Amino acid sequence: MDPITLGFYATVCGALSIASPRFGTFLPRLVIGAGVGIVAAALLPVIRQGLGFY
């Protein structure tokens, strides 16, 4: 895994882990986590291209 991808997902997961206790029980956290993962995976190529790494 390249450093940009690793740093991006570490940032997204870190932010989600800080906010997750506020989301309540297991199911809402699972749904929100899956949604954040999908959005993050979709945005990474756009961010890489914007930064000129692609």
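Keep in mind that this is a model prediction, so the values were computed, not measured.

Draft legend 1. Here's a closer look at the overall build of the protein. In terms of regular secondary structure, the protein is built from two helices and zero strands. On the principal axes, the C-alpha backbone points of the protein span a range of 40 × 15 × 15 Å. Counting the 54 residues in the protein, one finds 11% classified as buried. Approximately 4000 Å² of the protein is accessible, and the part contributed by carbon and sulfur atoms is 75%.

Draft legend 2. Here's a closer look at the pattern of salt bridges. Scanning all chains against the criterion turns up one salt bridge. One salt bridge in this structure joins Asp-2 and Arg-48, with 2.7 Å as the shortest N-O distance. In this pair, Asp-2 sits in the segment before helix 1 (3-19) while Arg-48 sits in helix 2 (residues 26-51), placing the two residues 46 residues apart along the sequence. We classify Asp-2 as partly exposed; its relative accessible area is 31%. Overall, the relative accessible area of 14% leaves Arg-48 in the buried class.

Draft legend 3. Here's a closer look at the packing of aromatic side chains. Inspection of the entire model under this criterion finds one aromatic pair. Here the aromatic rings of Phe-8 and Tyr-9 are separated by 5.3 Å at their centres, their planes lie at 75°, and the arrangement is edge-to-face. Among the residues examined, Phe-8 registers a relative accessible area of 16% and is labelled buried. By relative accessible area, Tyr-9 is classed as partly exposed at 26%.

About the cut-offs
Residues numbered from 1 in each chain as written. Predicted model: local features only at pLDDT ≥ 70, side-chain atom pairs only at ≥ 80, totals over all residues. Heavy atoms only, no water. Helix = DSSP H or I, 4+ residues; strand = E, 2+ residues; numbered from the N terminus. Buried < 20%, exposed > 50% of the residue type's maximum accessible area, 1.4 Å probe, protein only. Areas by Shrake-Rupley, 256 points an atom, 1.4 Å probe, with all protein chains shown as cover. Salt bridge = Lys/Arg side-chain N within 4 Å of Asp/Glu carboxyl O. Phe/Tyr/Trp six-rings, centres within 6.5 Å; stacked < 30°, edge-to-face > 60°.

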